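So you can see what is in the structure, the chains are spelled out below.
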Amino acid sequence: MSKQINIVRSTAVPIDIENVDTDQIIPARFLKATSREGFGKNLFRDWRYENDDENKPKKDFILNNPAYHGKILVAAKNFGCGSSREHAAWAIKDHGFDVVVSSFFADIFKNNALNNFLLPVTVSDGFLQEVFRAVEANPAVELEVNLPEQTIRLLDGKQNPSERFDITHYKKTCLLNGYDDIDYLLSIRNEIEAFEASLH
């Protein structure tokens, strides 16, 4: 599972449903494991399958449509609301997504995503709708998410519209380098030691 994120250029999977909560992302009955691996197979489980039978996928759900795939999940407004379970970010990342795009994320989900090397990109409602239209019309259309420049671009072959997105310097540094919180502290160890020395 990749931790570093720099420039992600990929096709996208659109889920144009507002107010998707964490229980829809990963149902509570699948939260027994404590490691991050293996949750991807249960991502959107109740929407993907008839009951709990993996052999009976629901044909009308987007993840069961082979035309749509990629490393970018495009979600409607208020994605990740509900309970604070970190497993929601685990499931999305384990399924193979590196980026989630929406016009609004629940705060706890957004923080959980960043802590698990999943980049949440917040865009305007207008840009999000433009992306939905383009991706649904042509599953082969790509998005380019440039973390160093903090831009997202729709590569529609026409105007290639783009927007900037916000991210804290700290989390940007962590994602670019694949750092967790401890890795980050170790990376600035010399600065910390110099600061401590200056106090004596």
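To be clear, the structure that these remarks concern was listed above.
Described in the following lines is the structure provided in the data block. Quantities reported herein were computed from a predicted structural model and do not represent experimental measurements.

Procedures and definitions
- The residue numbering used here restarts from 1 in each chain and proceeds along that chain's sequence as written.
- Restriction of local features to residues with pLDDT of at least 70 applies here, the model being predicted, together with a cutoff of 80 or more for giving and counting side-chain atom pairs; totals for whole chains, interfaces and linings are based on all residues.
- Computation of side-chain values covers all heavy atoms of the structure but excludes hydrogens and water.
- Helix and strand labels come from DSSP, where a helix needs a run of H or I of at least four residues and a strand needs a run of E of at least two; each type is numbered from the N terminus.
- To sort residues, take the accessible area from a 1.4 Å probe on protein chains only and compare it with the maximum for the residue type: under 20% means buried, over 50% means exposed, and anything in between is partly exposed.
- We call two residues contacting when some pair of their heavy atoms lies within 4.5 Å.
- All accessibility values rest on the Shrake-Rupley procedure with a 1.4 Å probe; residue burial counts only the protein chains present in the view.
- When two rings of Phe, Tyr or Trp (its six-membered ring) have centres within 6.5 Å they constitute a pair, described as stacked for plane angles under 30 degrees, edge-to-face for angles over 60, and tilted for the intermediate range.
- Think of it this way: DSSP has to see at least two bridges between two strands before they count as a pair.
- Crossover handedness is defined by viewing with both strands directed away from the observer: a clockwise path from the first strand over the helix to the second marks the crossover as right-handed.
- Note that patches include only residues with greater than 30% relative accessible area and no salt bridge, and the join distances are 9 Å for like charges and 5 Å for nonpolar side chains (Val, Leu, Ile, Met, Phe, Trp, Tyr).
- Within this document, salt bridges are pairs made up of a side-chain nitrogen of Lys or Arg and a carboxyl oxygen of Asp or Glu, the two lying within 4 Å of each other.
- Charge convention: Lys and Arg are scored as positive, Asp and Glu as negative, and His as well as the terminal groups of each chain are ignored.
- One atom stands in for each charge, and that atom is NZ of Lys, CZ of Arg, CG of Asp or CD of Glu.

### Quick look at the overall build of the chain
And then number 1: When helices and strands are tallied, the chain shows eight helices and seven strands.
And then number 2: Along the first, second and third principal axes, the C-alpha atoms of the chain reach 65 × 45 × 25 Å.
And then number 3: The buried share of the chain, taken over its 200 residues, is 45%.
And then number 4: Long-range contacts, defined as pairs at least 24 residues apart, comprise 64% of the intrachain contacts of the chain with a sequence gap of at least 6.
And then number 5: Split by element, the accessible area of the chain, about 10,600 Å² in all, is 47% carbon and sulfur.

### Let's talk about the packing of aromatic side chains
And then number 1: The final tally for this structure, using the stated rule, is seven aromatic pairs.
And then number 2: Ring pairing ties together the aromatic residues Phe-44, Trp-47 and Phe-61, which thus form one cluster.

### Let's talk about the pairing of strand E4 (residues 119–122)
And then number 1: Where strand E3 (residues 99–102) lies against E4, four bridges are found, and the strand directions are parallel. When the sheet's bridge partners are listed, Val-99 is paired in E4 with Leu-119.
And then number 2: Crossover handedness for the path E3 to helix H4 (residues 107–115) to E4: right-handed.

### A look at unusual backbone geometry
And then number 1: Residue Asn-78 is not a glycine yet carries a positive backbone phi of 65°.
And then number 2: Along the chain, Asn-78 falls in the loop between strand E2 (72–75) and helix H3 (87–95).
And then number 3: Backbone geometry at Gln-150 places phi at a positive 55°, although glycine is not the residue there.
And then number 4: Structurally, Gln-150 is set in the loop between strand E5 (142–146) and strand E6 (151–155).

### Section: a negative patch on the surface
And then number 1: On the surface, Asp-16, Glu-18, Asp-125 and Glu-136 cluster together into a patch of negative charge.
And then number 2: Topologically, Glu-18 is positioned in the loop between strand E1 (7–15) and helix H1 (22–25).
And then number 3: Owing to a relative accessible area of 54%, Glu-18 belongs among the exposed residues under this scheme.

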